[in-house]
Amino acid sequence: MEKTWNNKAWFMVLPVLVLVAFSAVIPLMTVVNYSVQDTFGNNEFFWAGTDWFTDVLESDRFWDALIRNLIFSGIILTIEIPLGILIALNMPKKGLGVPVCLVLMALPLLIPWNVVGTIWQVFGRVDIGLLGYALAALGINYNYVNNVFDAWVTLIVMDIWHWTSLVVLLCYAGLVSIPDAYYQAAKIDGASRWSVFRYIQLPKMKRVLLIAFLLRFMDSFMIYTEPFVVTGGGPGNATTFLSIDLVKMAVGQFDLGPAAALSIIYFLIILLLSWIFYTVMTTSDAQK
Amino acid sequence: MDFSWMAWTLPTALFFLTILALLVCMAVWEYVSPGGNPRIGILRFETTRGDRLFVSLLGAAFIHLAWLGLIGPNVWWALALSIVYAVGVFKLV
């Protein structure tokens with residue numbers, strides 16, 4: 001049977017198009033306009049051409065923050081994705097344990113980002129925080145305010161605590177959608193636990209894992225609120241990620257032109273990396 | 001309607017009009033020849049003509065950034081290189 005092509009269906013996406021135009025396209029256009037001009041307020045603009053882009057690309061500040069971002073996202077993905085799969089595999093599939101586990105998993109996701117930051121800021125303090133106090137009592141010299149390593153560990157553990165649940169819930173949704181017949185066939189064949197995971201569960205989770213991977217990459221690459229609340233980008237600039245640097249530039253220094261140029265470069269990097277991840281993961285799937 | 005808050009300039013307006021014109025051309029192309037012309041090119045994965053436009057635009061953005069960072073502020077050569085790159089993407093990818 002020949003496929004029917006009805007291009008009138010495109011009108012159905014018109015409302016979404018209008019919504020996206022107002023919430024994303026028009027603000028993005030404004031950012032592009034700002035990136036080629038200088039302003040001192042009062043709606044007065046002076047043409048700057050590509051100067052702000054050159055300034056940003058030649059600054060160590062930008063490259064250092066970008067490297068920090070890439071390292072942070074790399075660590076987050078390396079820990080959260082396997083950990084999320086492991087927890088999802090060990091969650092109960094039936095009985096009272098299911099709703100209990102689901103609610104427990106959903107709890108960190110319900111907490112606003114700035115509250116998560118505040119919780120961990122207090123939690124890690126040596127004088128009043130449970131974690132900081134306990135570590136000090138054990139003789140561990142922990143201080144996320146002064147020590148770069150401690151600041152990074154605190155941010156990473158906080159992000160794992162906050163967001164691994166998302167990976168768990170997505171993986172769990174993938175796992176419960178696998179029909180029992182697959183497991184029965186594996187049992188008849190005498191498949192090991194590893195074989196069941198490798199040849200049944202992992203392929204069936206691939207689509208949700210792709211979503212989890214992309215969401216966690218984009219979110220960790222754009223992280224702002226939690227590190228801002230916990231470390232404020234310090235000690236020094238040790239945890240100043242691109243987003244924190246951007247806000248310092250735009251709101252702190254009111255350098256709107258350079259901040260707009262940095263925003264566009266930041267946006268392009270996220271777009272490129274997300275496209276590469278998406279293409280690699282969907283292409284290998286399609287080839288199989 | 002006052003759009004001065006968007007800080008428009010002639011070059012940025014021309015830039016966005018070019019993007020809009022490209023999208024309109026792609027829509028007309030899709031209307032004339034529906035299906036997106038999927039094929040497997042040198043990157044060894046399937047792309048439609050919409051994918052090829054996306055790869056061309058994203059690549060053009062990075063060509064311009066690389067030009068600015070490595071060579072200098074005269075981006076006309078970067079634009080020429082981007083057009084050659086886009087033609088290559090539409091022919092080979």
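- As annotated in an unreviewed UniProt entry, chain B carries the name DUF2160 domain-containing protein and is attributed to Rhizobium herbae.

- Under the annotation held in an unreviewed UniProt entry, chain A carries the name Sugar ABC transporter permease and is attributed to Rhizobium herbae.
- On record in UniProt, under Subcellular location (unreviewed entry), the comment for chain A is "Cell membrane".
- Within the UniProt record for chain A, the comment given under Sequence similarities (unreviewed entry) is "Belongs to the binding-protein-dependent transport system permease family."

1. A closer look at the UniProt feature "transmembrane region" (unreviewed entry) in chain B
All names here are of chain B.
Link 1 in the chain: Following the UniProt record, the feature "transmembrane region" (unreviewed entry) maps to residues 12–32, 53–70 and 76–92 here.
Link 2 in the chain: Counting secondary structure, residues 53–70 comes out at 100% helix and 0% strand; the distance between its end C-alpha atoms is 25 Å.
Link 3 in the chain: Annotated as 100% helix and 0% strand, the span residues 76–92 places its first and last C-alpha atoms 24 Å apart.

2. A look at the nonpolar core
All names here are of chain A.
Link 1 in the chain: Counting residues in hydrophobic clusters, the biggest one holds 53 residues, and the most contacted among them are Phe-53, Phe-62, Ile-81, Ile-85, Met-205 and Ile-265.
Link 2 in the chain: If one sorts the elements of this core by residue count, helix α9 (residues 193–221) sits on top with ten residues.
Link 3 in the chain: The contacts of Met-205, once residues within four sequence positions are left out, are Ile-85, Cys-171, Gly-174, Leu-175 and Phe-197.
Link 4 in the chain: Residues Phe-72, Leu-135, Ile-160 and Ile-223 belong to the second largest nonpolar core, which totals 16 residues.

3. Comments concerning the interface of chain B and chain A
Link 1 in the chain: Tallying the contact residues gives 24 residues for chain B and 26 residues for chain A.
Link 2 in the chain: Of the roughly 2,300 Å² buried between chain B and chain A, counting both surfaces, carbon and sulfur atoms make up 78%.
Link 3 in the chain: The largest per-residue losses of area from chain B upon contact with chain A belong to B:Met6, B:Leu65 and B:Leu68, which jointly make up 21% of the total buried on that side.
Link 4 in the chain: For the pair chain B and chain A, the number of links is zero salt bridges.
Link 5 in the chain: Run the count over chain B and chain A and you get four residue pairs in polar contact (both at pLDDT 80 or more).

4. Some details on helix α5 (residues 113–123) of chain A
Residues and elements named next belong to chain A.
Link 1 in the chain: Regarding α5, the residues found buried are Val-116, Gly-117 and Trp-120. Burial along α5 is one-sided: seen end-on, the buried residues are contained in an arc of 100 degrees.
Link 2 in the chain: On its buried face, α5 is in contact with α6 (130–137), α7 (148–176) and α10 (225–230).

5. With respect to unusual backbone geometry
Residue and element names in this part refer to chain A.
Link 1 in the chain: Note the cis peptide between Gly-234 and Pro-235, where omega equals 0 degrees.
Link 2 in the chain: Mapped onto the elements of the fold, Pro-235 is located in the loop between α10 and α11 (242–252).
Link 3 in the chain: Although it is not a glycine, Asn-43 sits at a positive phi angle of roughly 60 degrees.
Link 4 in the chain: By the secondary structure assignment, Asn-43 is in the loop between β1 (37–39) and β2 (45–47).
Link 5 in the chain: If you check the backbone angles, Phe-254 has positive phi at about 55 degrees while not being a glycine.
Link 6 in the chain: Inspection of the secondary structure assignment puts Phe-254 in the loop between α11 and α12 (256–287).

6. A closer look at the state of the cysteines
Residues and elements named next belong to chain A.
Link 1 in the chain: Counting across every chain of the model gives zero disulfides over all chains.
Link 2 in the chain: For Cys-171, which is in no disulfide, the shortest distance to another cysteine sulfur is to Cys-101 and amounts to 15 Å.
Link 3 in the chain: Cys-171 gets classed as buried once you look at its relative accessible area, which sits at 0%.

7. A closer look at the packing of aromatic side chains
Residues and elements named next belong to chain A.
Link 1 in the chain: Summed over the entire model, instances satisfying the criterion amount to 21 aromatic pairs over all chains.
Link 2 in the chain: Relative to Phe-45, the ring of Tyr-34 lies with its centre 5.2 Å away and its plane at 80 degrees, an arrangement referred to as edge-to-face. Of this pair, Tyr-34 sits in helix α1 (residues 14–35) while Phe-45 sits in strand β2, placing them eleven residues apart in sequence.
Link 3 in the chain: According to the relative accessible area criterion, Phe-45 is partly exposed, its value standing at 22%.
Link 4 in the chain: Relative to Phe-197, the ring of Trp-194 lies with its centre 5.7 Å away and its plane at 45 degrees, an arrangement referred to as tilted. Highlighted residues: Trp-194 and Phe-197, both in helix α9, separated by three residues, approximately one helical turn.
Link 5 in the chain: Since its relative accessible area comes to 14%, Phe-197 is described here as buried.
Link 6 in the chain: Members of the aromatic cluster, joined through ring pairs, are Phe-213, Phe-217, Phe-221, Tyr-266 and Phe-277.

8. Overview of the UniProt feature "transmembrane region" (unreviewed entry) in chain A
All names here are of chain A.
Link 1 in the chain: Those residues carrying the UniProt feature "transmembrane region" (unreviewed entry) are residues 12–36, 70–90, 96–116, 128–145, 151–175, 208–225 and 256–278 in this numbering.
Link 2 in the chain: Helix makes up 88% of residues 12–36 and strand 0%. Its end C-alpha atoms lie 36 Å apart.
Link 3 in the chain: Helix makes up 83% of residues 208–225 and strand 0%, with an end-to-end C-alpha separation of 26 Å.

9. Focus on a nonpolar patch on the surface
Link 1 in the chain: A cluster of nonpolar side chains, namely B:Leu10, B:Leu14, B:Leu17, B:Leu20, B:Val24, B:Val28, B:Tyr31 and B:Val32, defines an oily patch on the protein surface of about 860 Å² accessible area.
Link 2 in the chain: Relative to the helices and strands, B:Tyr31 is located in helix α1 (residues 10–32).

10. Concerning the environment of A:Thr240
Residue and element names in this part refer to chain A.
Link 1 in the chain: One can find Thr-240 in the loop between α10 and α11.
Link 2 in the chain: Separated by 174 residues in the primary sequence, Thr-240 and Leu-66 place their C-alpha atoms 9.4 Å from one another.
Link 3 in the chain: Apart from residues no more than four positions distant in its own chain, Thr-240 is found in contact with Ala-65, Arg-68, Gly-233, Asp-245 and Lys-248.
Link 4 in the chain: A polar contact is formed between the side chain of Thr-240 and the backbone oxygen of Gly-233, at a distance of 2.9 Å.

Definitions and limits used
- Residues numbered from 1 in each chain as written.
- Chains lettered and ligands numbered in written order.
- Predicted model: local features only at pLDDT ≥ 70, side-chain atom pairs only at ≥ 80, totals over all residues.
- Heavy atoms only, no water.
- UniProt positions renumbered as here; feature names shortened; annotations may be inferred.
- Helix = DSSP H or I, 4+ residues; strand = E, 2+ residues; numbered from the N terminus.
- Core = buried A, V, L, I, M, F, W, Y, C linked by side-chain atoms within 4.5 Å.
- Buried < 20%, exposed > 50% of the residue type's maximum accessible area, 1.4 Å probe, protein only.
- Contact = heavy atoms within 4.5 Å.
- Buried area = accessible area lost by both parts, 1.4 Å probe.
- Salt bridge = Lys/Arg side-chain N within 4 Å of Asp/Glu carboxyl O.
- Polar contact = N/O pair within 3.5 Å; in protein donor to acceptor, adjacent residues only side chain to side chain.
- Arc of directions from axis to C-beta.
- Disulfide = S-S within 2.5 Å.
- Phe/Tyr/Trp six-rings, centres within 6.5 Å; stacked < 30°, edge-to-face > 60°.
- Patch = residues over 30% accessible without salt bridge, like charges linked within 9 Å, V, L, I, M, F, W, Y side chains within 5 Å.
- Areas by Shrake-Rupley, 256 points an atom, 1.4 Å probe, with all protein chains shown as cover.

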